[in-house]
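Structural features, examined
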Amino acid sequence: MKYVVANIKMNKSYDEMKSYLMGMATRFSNDKVDLTIAMPYTYISLGKFLLEESAIRVGGQNLSEDEEGKSTGEISGRMLRSSGAENVIIGHSERRKRFKEDGKSINLKIKSALKNRLNIILCIGESASENKLGKRSEVIREQIESAFKGLYENELDNILIAYEPIWAIGTGVTPSAKEIGAVVKEIRKIISDDFSTTAGEKMRVLYGGSVNGKSIGQIKNVKGVDGFLVGGACLDGGEFLQILNNL
Ligand code: PGA
């Protein structure tokens, strides 16, 4: 099974989203792909309604650290789950940077998502300068260890890790298949060190960053990669379906 997460980010009006989801619901059929569409909060209920009869899962792109109460403008895990989301992206680099989400905050978000029975897609990845300075391994280890602090091994069954080097997001540049393979190995090693070899082997690891119709050919068969997180190339339903049908 390949896991694919479409990250709509902050795109599409209500009507555009509606026709996109209707198109995806009728045209997507690939029983080798487990597909989630991670949509803006305001479209979650619509997503549940339009995707209910399809195999596509509804996902959110973030959630609050808090359970409920005094957090004006925030959305809780309970709200997401009860509106129809099954999955949620946590720690996307755009949020880490713009909203200063750090390891502690991401750890709290993961705990809240688990409490509310949401599966998690945890995004990790180094910046261009960290990469140049040879700090990739260090950054990845720190991001995983701070995110998973205090978790029980069985809780990892509800988590996927998406390796998204920041320099590859929206740039059209991707790491080589060899590099992706090496990072995926490192990720499994970190989980093995901190939990168990079985947990390291079982962890589902996705790649994200400029996955599109062109790049997918080179990266789709990288050993150890269980799927992809797709941003820009998911926005056009036709283009996205072509990628999905080729997996
Ligand atoms: P991209 O975005 O596919 O447009 O590079 C991926 C992401 O930000 O999750």
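Not measured: the values here are computed from a predicted model. (Residues numbered from 1 in each chain as written. Predicted model: local features only at pLDDT ≥ 70, side-chain atom pairs only at ≥ 80, totals over all residues. Heavy atoms only, no water.)

Glancing now at the overall build of the protein chain. Of the regular secondary structure elements, the protein chain holds 11 helices and eight strands. For 247 residues, the compact-globule estimate of 2.2 N^0.38 gives 18 Å, and the protein chain sits close to it at 17 Å. If one aligns the C-alpha atoms of the protein chain with their principal axes, the spans along those axes are about 45 × 45 × 35 Å. Per-residue burial over the protein chain gives 51% buried out of 247 residues. Put simply, 71% of the contacts in the protein chain that link residues at least 6 apart link residues at least 24 apart. (Helix = DSSP H or I, 4+ residues; strand = E, 2+ residues; numbered from the N terminus. Rg over C-alpha atoms; globule rule 2.2 N^0.38 Å. Buried < 20%, exposed > 50% of the residue type's maximum accessible area, 1.4 Å probe, protein only. Contact = heavy atoms within 4.5 Å.)

So, about the packing of helix 1 (residues 14-27) against helix 2 (residues 44-51). Packing of helix 1 against helix 2 brings their axes to within 9 Å, and their N-to-C directions diverge by 30 degrees. When the interaxial angle is binned, helix 1 and helix 2 end up roughly parallel. Considering the relative orientation of helix 1 and helix 2, their crossing is right-handed. Residues Y14, K18, L21, M22 and A25 of helix 1 form the contact with helix 2, whose own contacting residues are L46, G47, L50 and L51. A class-by-class count of the residues in the contact of helix 1 with helix 2 yields seven nonpolar, one polar and one charged. (Axes fitted to C-alpha atoms, helices over the stretch in contact; angles between N-to-C directions. Parallel < 35°, antiparallel > 145°, perpendicular 65-115°, else oblique. Left-handed = near helix turned anticlockwise from the far one by under 90°. Nonpolar A, V, L, I, M, F, W, Y, C, P; charged D, E, K, R; others polar.)

Now for unusual backbone geometry. Positive phi, normally seen in glycine, also occurs at K9, with a value near 55 degrees. Looking at the secondary structure, you find K9 in the loop between strand 1 (2-7) and helix 1. A positive phi is found at S210, a non-glycine position, where the angle reads about 55 degrees.

For the rest of this paragraph, the subject is the sheet that holds strand 3 (residues 57-60). Adjacent strands of a sheet form backbone hydrogen bonds with each other and so pair up, either parallel or antiparallel. In spatial order, the strands read 1-2-3-4-5-6-7-8; together these eight strands close into a barrel with parallel pairing. With direction set aside, neighbouring strand axes in the sheet form an average angle of 25 degrees. Sheet topology note: the strand 7 (residues 204-208)/strand 8 (residues 227-230) ladder contains three bridges and is parallel. The residue bridging L206 from the neighbouring strand is G227, located in strand 8. Each of strand 5 (119-124) and strand 6 (159-163) is contacted by helix 7 (residues 136-147), which is oriented at about 150 degrees to strand 5, the strand it contacts most. (Pairing = 2+ DSSP bridges.)

Right, let's talk about the packing of aromatic side chains for a bit. Summed over the entire model, instances satisfying the criterion amount to three aromatic pairs. Pairing F148 with F195 gives two aromatic rings, centres 6.4 Å apart and planes at 70 degrees, and the pair type is edge-to-face. Here F148 is found in the loop between helix 7 and strand 6, whereas its partner F195 is found in the loop between helix 8 (177-194) and helix 9 (197-202), with 47 residues between them in sequence. Taking relative accessible area as the criterion, F195 reaches 23% and is therefore assigned partly exposed. Their ring planes at 55 degrees and their centres at 6.4 Å tell us that Y163 and Y207 sit as a pair that is tilted. Of the two residues, Y163 sits in strand 6 while Y207 sits in strand 7, which places them 44 residues apart along the sequence. Neither residue differs from the other here; Y163 and Y207 are each classed as buried. Directly above the aromatic system of Y3 lies the positively charged group of R204, at a separation of 5.1 Å from the ring centroid. (Phe/Tyr/Trp six-rings, centres within 6.5 Å; stacked < 30°, edge-to-face > 60°. Lys NZ or Arg CZ within 6 Å of the ring centre and 35° of its normal.)

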